[in-house]
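# Chain and residue survey
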Amino acid sequence: QVQLIESGGGLVQAGGSLRLSCAASERIFNINVMRWYRQAPGKQRELVATIARGGSINYADSVKGRFTISRDNAKNTVYLQMNSLKPEDTAVYYCNVNQYFTGDYWGQGTQVTVSS
């Protein structure tokens with residue numbers, strides 16, 4: 001029943017920035033972790049960033065120093081701020097929320113294209 005609505009993707013030039021949003025249609029209780037994944041054409045799905053219930057954050061090496069994951073509990077939203085974008089960041093980005101006991105919710109994906 002819960003839906004994750006993604007927004008913020010688009011076409012940008014190398015060096016530009018985008019801010020992705022993932023908003024839950026309703027409050028999700030007992031969240032374990034929130035994650036952003038991406039999948040580029042011909043490549044496997046890659047874990048980009050994770051923010052856990054206790055606040056700990058992890059990033060893929062390829063995005064460290066450029067991407068920032070954050071959340072706003074009052075708005076039931078998780079964000080991914082992407083700066084200094086590179087062509088290799090081009091992918092479909094997916095939001096994921098893992099809930100204790102019941103499993104995962106997934107966004108439908110938002111396309112990010114970085115031109116050079």
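Look a little higher up for the structure.
Remember, predicted model here, so these are calculated numbers, not experimental data.

What counts and how
- Residues numbered from 1 in each chain as written.
- Predicted model: local features only at pLDDT ≥ 70, side-chain atom pairs only at ≥ 80, totals over all residues.
- Heavy atoms only, no water.
- Salt bridge = Lys/Arg side-chain N within 4 Å of Asp/Glu carboxyl O.
- Helix = DSSP H or I, 4+ residues; strand = E, 2+ residues; numbered from the N terminus.
- Buried < 20%, exposed > 50% of the residue type's maximum accessible area, 1.4 Å probe, protein only.
- Pairing = 2+ DSSP bridges.
- Axes fitted to C-alpha atoms, helices over the stretch in contact; angles between N-to-C directions.
- 1 Å grid on protein atoms, 1.4 Å probe; cavity = no way out; pocket = protein on both sides within 12 Å on 5 of 7 lines; lining within 4 Å.
- Points joined across faces, edges and corners; volume = space filled by probe spheres on them.
- Nonpolar A, V, L, I, M, F, W, Y, C, P; charged D, E, K, R; others polar.
- Phe/Tyr/Trp six-rings, centres within 6.5 Å; stacked < 30°, edge-to-face > 60°.
- Lys NZ or Arg CZ within 6 Å of the ring centre and 35° of its normal.

## A look at the pattern of salt bridges
Inspection of the entire model under this criterion finds four salt bridges. Across the pair Arg38 and Asp89 runs a salt bridge, and its minimum N-O distance is 3.0 Å. Of the two residues, Arg38 sits in strand β4 (residues 31-39) while Asp89 sits in the loop between β8 (77-82) and β9 (91-99), which places them 51 residues apart along the sequence. By the burial criterion, Arg38 is buried, and Asp89 matches it. Across the salt bridge formed by Asp61 and Lys64, the nearest N and O atoms sit 3.0 Å from each other. Classification of Asp61 by relative accessible area gives exposed; the value is 64%. Because the salt bridges share partners, they merge into one network encompassing Arg38, Glu46, Arg66 and Asp89.

## Focus: the sheet that holds β8
Strand order in the open sheet formed by four strands is β1-β3-β8-β7, with antiparallel pairing between adjacent strands. Edge strands, defined here as strands with exactly one partner in the open sheet, are β1 (4-7) and β7 (67-72). If you compare each strand with its neighbour and ignore which way they point, the axes differ by 15 degrees on average. Bridge analysis of β7 against β8 gives six bridges, and the strand direction is antiparallel. In the strand pairing of β8, Asp72 is matched with Thr77.

## Some remarks on the layout of surface pockets
Computed from the structure, the largest pocket encloses a volume of approximately 380 Å³. Together, 19 residues line the largest pocket, and Arg27, Ile28, Ile31, Met34 and Asn73 are the ones closest to its centre. Within the residue set of the lining of the largest pocket, elements represented by two or more residues are β3 (18-24), β4, β7 and β8. Top contributing element to the lining of the largest pocket by residue count: β4, with three residues. Broken down by class, the residue content of the lining of the largest pocket amounts to ten nonpolar, five polar and four charged.

## Topic: the packing of aromatic side chains
The final tally for this structure, using the stated rule, is two aromatic pairs. Consider the rings of Tyr37 and Trp106, whose centres lie 5.2 Å apart with planes at 40 degrees: the pair is tilted. Remark: Trp106 occurs in strand β10 (residues 103-106) and Tyr37 occurs in strand β4; sequence separation between them is 69 residues. We classify Trp106 as partly exposed; its relative accessible area is 35%. Residues Tyr100 and Phe101 carry aromatic rings whose centres are separated by 6.3 Å and whose planes lie at 50 degrees to one another, so their mutual orientation is tilted. The exposure class of Phe101 is exposed, given its relative accessible area of 84%. Here the guanidinium or amino end of Arg19 rests over the ring plane of Tyr79, the centre of that ring lying 3.9 Å away. In this structure, Arg45 is placed above the aromatic ring of Tyr37, and the distance from its NZ or CZ to the ring centre is 4.7 Å.

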